[in-house]
Amino acid sequence: MIVFLKNGYFVGNFFGLNDSWTKIKKQMVFLSKEQILNLFKDSFEIIHFNEIEKNEKTGLGKMKHWHIYDIIAKKK
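Quantities reported herein were computed from a predicted structural model and do not represent experimental measurements.

Undergrad: I tried to follow the sheet that holds strand 2 (residues 44-57) on my own but got confused; where do I start?
TA: Strand pairing in a sheet relies on backbone hydrogen bonds. The paired strands run either parallel or antiparallel. Spatial strand order, 1-3-2: 3 strands in an open sheet with antiparallel pairing. On the outer flanks of this sheet lie strand 1 (9-15) and strand 2, each paired with one strand and no other. Taking each pair of neighbouring strands and ignoring which way they run, the sheet shows an average axis angle of 15 degrees. Across the face of the sheet, helix 1 (residues 33-40) comes into contact with strand 1, strand 2 and strand 3 (63-75) while running at roughly 150 degrees to strand 2.

Have a look at this one:
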C-alpha cells in the first residue's frame, strides 16, 4: 500500500507505449500520456512532466528505444 502524506511529493517515471520493451516484457506496465495524467489529476499538482523518446543502450549495453515519462508532482 502506498500512502501519500499531505503536501508530499511523487518523483518517478513511467514507461510509455512506444518503448521497445512493450513487445518482450509482458510483465511490465506501459501507459499512454493520458493514462498517466489521469492518475494524478485529482490528488496532485504536476510540477514537472517530461516525455523522453530516444534510442540508447541499456545498462547491459544493448540498444533499445526508450519511451519514458518523468514526473514530479505535489500532493494537493
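Back to the write-up after that little detour.
Undergrad: Explain the pairing of strand 1 to me, please; I cannot follow it from the model alone.
TA: The side chains of a regular strand alternate, first on one face of the sheet and then on the other. Side chains Phe10, Gly12 and Phe14 of strand 1 all project onto a buried face; the interleaved residues Tyr9, Val11, Asn13 and Phe15 project onto a face where none is buried. Across 7 bridges, strand 1 lies against strand 3 in antiparallel orientation. Bridging from a neighbouring strand, Gly12 pairs with Ile71 of strand 3.

Undergrad: Would you explain the nonpolar core in this entry?
TA: Nonpolar side chains in soluble globular proteins generally cluster together in the buried interior. If you look at the biggest cluster of nonpolar residues, it comprises 9 residues: Phe10, Phe14, Leu31, Ile36, Phe40, Phe44, Tyr69, Ile71 and Ala73. It is strand 3 that contributes the most residues to this core, 3 residues altogether. Contacts of Ile36, omitting those with residues within four sequence positions, involve Phe14, Leu31, Phe49, Tyr69 and Ile71.

Undergrad: Would you take a moment to explain a nonpolar patch on the surface for this structure?
TA: Judged by side-chain polarity, Tyr9, Val11 and Ile47 come together as a nonpolar surface patch covering roughly 330 Å² of accessible area. Here Val11 is to be found in strand 1.

Conventions we followed
Residues numbered from 1 in each chain as written. Predicted model: local features only at pLDDT ≥ 70, side-chain atom pairs only at ≥ 80, totals over all residues. Heavy atoms only, no water. Pairing = 2+ DSSP bridges. Helix = DSSP H or I, 4+ residues; strand = E, 2+ residues; numbered from the N terminus. Axes fitted to C-alpha atoms, helices over the stretch in contact; angles between N-to-C directions. Contact = heavy atoms within 4.5 Å. Buried < 20%, exposed > 50% of the residue type's maximum accessible area, 1.4 Å probe, protein only. Core = buried A, V, L, I, M, F, W, Y, C linked by side-chain atoms within 4.5 Å. Patch = residues over 30% accessible without salt bridge, like charges linked within 9 Å, V, L, I, M, F, W, Y side chains within 5 Å. Areas by Shrake-Rupley, 256 points an atom, 1.4 Å probe, with all protein chains shown as cover. Salt bridge = Lys/Arg side-chain N within 4 Å of Asp/Glu carboxyl O.

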